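Per-entry structural report
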Amino acid sequence: MELVTTLQQAKTFLNQKYYELEDFTECLMLSLISRTNMVALGQPGIAKTAVLRELVGMMDFSDVEGTPYFQIQMGADISPNNIFGAPDIEYFKSHGIIKRHVEGFLPDAIIAFCSEFYRVSDQVANSGLLTILNEGEYKNGVDIIQTPLRFFMADTNFFPKQADDLDVGEEDIRLQALHDRFLARVLVKPLQDPDNQVKMLLMDDTIKFKHSIKITDIIELQDHLDQIEIPIEIAYDVVQIADKLRDKHKIFISPRRVKLSRNLLRASAWLSGRNKVNQADLRALRFSFWQKEEDIIRVEDAIDAQMNKSSVDAKIFREMHQSVIDEFNRTKQNQSHLPGYEETALIKQVQKDILRIMEHIQQNYPGYKTYPDILKVYQELETDYHRFFDLEVSS
């Protein structure tokens, strides 16, 4: 079975087994495919860990080196030893530098999960966690280890406050450096539907996914995801969404975040069985363009507006076109009987106006042929341009 089919079926399985977690499983799949660090915001006990464990349980790690899965719950009592491994005492005695036995710990993990992530201590945060999340590297003694980490997920019941919050504290500022390393973010809510709560109580926990996902296939996919094409018009869409959120809602989306989000778009296209990103994949940006919980609806609205923008603009272009034709007919009717009336000059003006609209479309939609609504209007303009050209010649 092809990998894309297996992951599509795995996603369906998770959504059928764990109710009302569609956004979470979508974010989980896209983050895994794109090798993106992911954080889930929500109360404890909403099955976030269970879903990730279920996904990990589907995987075959037999052909790779490293610790398949590392999990830990952050807290004040968690030391670097719990995360990175115990120090090599003999090495420290002879070199005076800490080198750790990393086997079985985060620097050796292929998939890792940290719950209550923002309860991380300064000691842990400053002992290499940031470089693992950012560069996939860990300094162990004098050696730089390229970690085998392929997916990192965290969960939390709070986000650190932003710099523009009135009550922001020093602890929030410290955590922002870590928080920014999570490109994918998803809000997970408790079950709302009473029927689904009943189904959860009666659920057979022993049901397992019937297929296996080879981690080597996931690695191969991640390493070649950049082969998924992003058309220029989609790049314009992404930039325009980010600009609108900044200008209208003061949501700051760094250039780095905008650029990295392209891999979520590629993952969405790939999971849909395509080798080219289209407008439907813009929905993946709802996992990367929000900072605070109240931003989520604004981001979703901005994405929906952008996805609908071409149809709205097509209507405007068509109205502009019709206005040109109406003006021609009105002028002809009112002036054709007057002395000195020259229809050729009027036709040339119509051609100029039509060309101006066509140029406006090309400027705003460089890839206009990929937008059905815009293409249709453009073709209508072309038809009328040639019609008036023929009129000019015949006159």
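Within any chain, residue numbers begin from 1 and follow the written order of that chain's sequence. Given that the model is predicted, a residue must reach a pLDDT of at least 70 before its local features are reported, and side-chain atom pairs must reach 80 or more before they are shown or counted; all residues, however, enter totals for whole chains, interfaces and linings. Computation of side-chain values: all heavy atoms of the structure, hydrogens and water removed.

**Description of the overall build of the chain**
What counts is decided by this rule: Think of it this way: any DSSP run of H or I at least four residues long counts as a helix, any run of E at least two long counts as a strand, and we number them from the N terminus. A radius of gyration in this sense is built from C-alpha atoms; the matching globule rule multiplies 2.2 Å by the number of residues raised to 0.38. When accessible area is computed with a 1.4 Å probe and restricted to protein chains, residues below 20% of their type maximum are described as buried, those above 50% as exposed, and intermediate ones as partly exposed. Every accessible area reported is derived by Shrake-Rupley at a probe size of 1.4 Å, with residue values counting cover from the shown protein chains alone. Positive charges come from Lys and Arg, negative ones from Asp and Glu, while His and the chain ends are left out of the count. One atom stands in for each charge, and that atom is NZ of Lys, CZ of Arg, CG of Asp or CD of Glu.
Counting secondary structure elements, the chain contains 15 helices and 9 strands. A globule of 395 residues ought to have a C-alpha radius of gyration of about 21 Å, yet the chain, at 28 Å, is considerably larger. Overall size of the chain, expressed as C-alpha extent along the three principal axes, is 105 × 50 × 40 Å. Looking at the 395 residues of the chain, the share that counts as buried comes to 45%. For the chain, the computed accessible surface area is about 20400 Å², with 50% contributed by carbon and sulfur atoms. Here the chain contributes 46 positively and 61 negatively charged side chains, and the mean placements of these two sets differ by 2 Å.

**Considerations on helix H15 (residues 372-394)**
As a reminder of what qualifies: To estimate the expected span of a helix, subtract one from its residue number and multiply by 1.5 Å. A contact between two residues is defined here by any heavy atoms of the two lying within 4.5 Å.
With 23 residues, H15 should cover 33 Å at 1.5 Å per step; its first-to-last C-alpha distance of 33 Å lies within 8% of that length. Looking at the packing, one finds that the buried side of H15 touches helix H13 (295-335) and helix H14 (343-364).

**Remarks on the packing of aromatic side chains**
Heads up, the condition is: Between the rings of Phe, Tyr and Trp (Trp by its six-membered ring), a pair exists once the centres lie within 6.5 Å; its type follows the angle of the planes, with under 30 degrees stacked, over 60 edge-to-face, and the other angles tilted.
Counted according to the given criterion, the structure contains 13 aromatic pairs. On the numbers, 5.1 Å between centres and 10° between planes, the contact of phenylalanine 84 with tyrosine 138 is stacked. Linking phenylalanine 84 in helix H4 (residues 80-84) with tyrosine 138 in strand S5 (residues 137-140), this pair joins segments that are 54 residues apart in sequence. Aromatic side chains tyrosine 365 and tyrosine 371 sit 5.0 Å apart centroid to centroid with 75° between the ring planes, which places their arrangement in the edge-to-face category. Like tyrosine 371, tyrosine 365 is buried.

**As for unusual backbone geometry**
A positive phi angle, close to 55°, is found at arginine 35, a residue other than glycine. Within the secondary structure, arginine 35 is located in the loop between helix H2 (22-34) and strand S1 (38-41). On the basis of relative accessible area, arginine 35 is assigned to the partly exposed category, the value being 38%. You will see that alanine 47, though not glycine, has its phi angle at about 80°, which is positive. Mapped onto the fold, alanine 47 is located in the loop between S1 and helix H3 (48-57). On the accessibility criterion, alanine 47 (26% relative accessible area) is partly exposed.

**Observations regarding the nonpolar core**
Selection criterion: Throughout, nonpolar core names a set of buried Ala, Val, Leu, Ile, Met, Phe, Trp, Tyr and Cys residues whose side chains join them through atoms within 4.5 Å.
Counting 96 residues, the largest nonpolar core has Phe117, Leu129, Phe152, Trp270 and Phe289 as its most contacted members. With 7 residues, the top contributor of residues to this core is H2. Contact partners of phenylalanine 289, with chain neighbours within four places excluded, come to Val238, Ile241, Ala242, Leu245, Ile251, Ile253, Val258, Ser261 and Val299. Ile325, Phe328, Ile357 and Leu381 belong to the second-largest nonpolar core, a separate cluster that totals 20 residues.

**Points about the sheet that holds strand S7 (residues 151-156)**
Put simply, the rule is: Strands pair, by our definition, only if DSSP identifies at least two bridges between them. Only the stretch in contact is used when fitting a helix axis, every axis being a line fitted to C-alpha atoms; angles between N-to-C directions are given from 0 to 180 degrees.
The sheet built from 5 strands is open, its strands ordered S3-S4-S7-S1-S8 with parallel pairing. Only two strands of the sheet have a single partner each, and these edge strands are strand S3 (67-73) and strand S8 (184-187). For this sheet, the mean angle separating the axes of adjacent strands, direction not counted, is 15°. Two elements, S3 and strand S4 (residues 109-115), share 6 bridges in a ladder whose sense is parallel. Bridge pairing in S4 links glutamine 73 to serine 115.

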